[in-house]
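# Commentary on secondary and tertiary structure
As a plain string of letters, each chain reads:
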Amino acid sequence: MIMEHRRRMQNSFRQQADRFESPTLTLSRRDYLQWMVETIPRSPDTLVLDVAAGTGHLSRALASTV
């Protein structure tokens, strides 16, 4: 059962992964990403956990400020 679940998850990821860098995705839009960076409260001691972030557009944008 666990191996079947793993296989299904890997297949699902493979089907989606090619679109992670698509310019049509919300976080690929520079204006939206900039809005998020300006809106999220943070400071140099803020810790950010990036879970299942695809290509990590938002985490990369926040990295220099947390």
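Residues numbered from 1 in each chain as written. Predicted model: local features only at pLDDT ≥ 70, side-chain atom pairs only at ≥ 80, totals over all residues. Heavy atoms only, no water.

Here the focus is the overall build of the protein. What the protein contains, in helices and strands, is three helices and zero strands. The secondary structure elements of the protein, listed N-terminal to C-terminal, are α-α-α. Relative to the globule expectation of 11 Å for 66 residues, the C-alpha radius of gyration of the protein, 15 Å, shows a markedly less compact shape. In terms of overall dimensions, the protein has a C-alpha envelope of 45 × 30 × 15 Å along the principal axes. Counting over 66 residues, the protein shows a buried share of 12%. Sequence-distant contacts in the protein: of pairs separated by 6 or more residues, those separated by 24 or more amount to 38%. Put simply, the protein shows about 5700 Å² of open surface, and 58% of that area lies on carbon and sulfur atoms. Across the protein, 9 positive and 7 negative side-chain charges occur, with their mean positions spaced 8 Å apart. (Helix = DSSP H or I, 4+ residues; strand = E, 2+ residues; numbered from the N terminus. Rg over C-alpha atoms; globule rule 2.2 N^0.38 Å. Buried < 20%, exposed > 50% of the residue type's maximum accessible area, 1.4 Å probe, protein only. Contact = heavy atoms within 4.5 Å. Areas by Shrake-Rupley, 256 points an atom, 1.4 Å probe, with all protein chains shown as cover. Lys, Arg positive; Asp, Glu negative; His and termini not counted. Charge placed at Lys NZ, Arg CZ, Asp CG, Glu CD.)

Time to look at the pattern of salt bridges. Following the criterion strictly, the structure yields two salt bridges and no others. Across the salt bridge formed by arginine 7 and glutamate 4, the nearest N and O atoms sit 2.6 Å from each other. A residue pair is termed a helical-turn pair when its members lie 3 or 4 positions apart in one helix, as arginine 7 and glutamate 4 do in helix 1 (residues 2-17) at three residues. Residue class for glutamate 4 comes out partly exposed when judged on its relative accessible area of 36%. Linking aspartate 31 and arginine 29 is a salt bridge whose minimum nitrogen-to-oxygen distance equals 2.7 Å. (Salt bridge = Lys/Arg side-chain N within 4 Å of Asp/Glu carboxyl O.)

This brings us to the environment of glycine 54. Note that glycine 54 resides in the loop between helix 2 (30-39) and helix 3 (57-62). Under the relative-accessibility criterion, glycine 54 is labelled partly exposed at 49%. In this structure, the C-alpha to C-alpha distance between glycine 54 and glutamate 21, residues 33 residues apart in sequence, is 8.5 Å.

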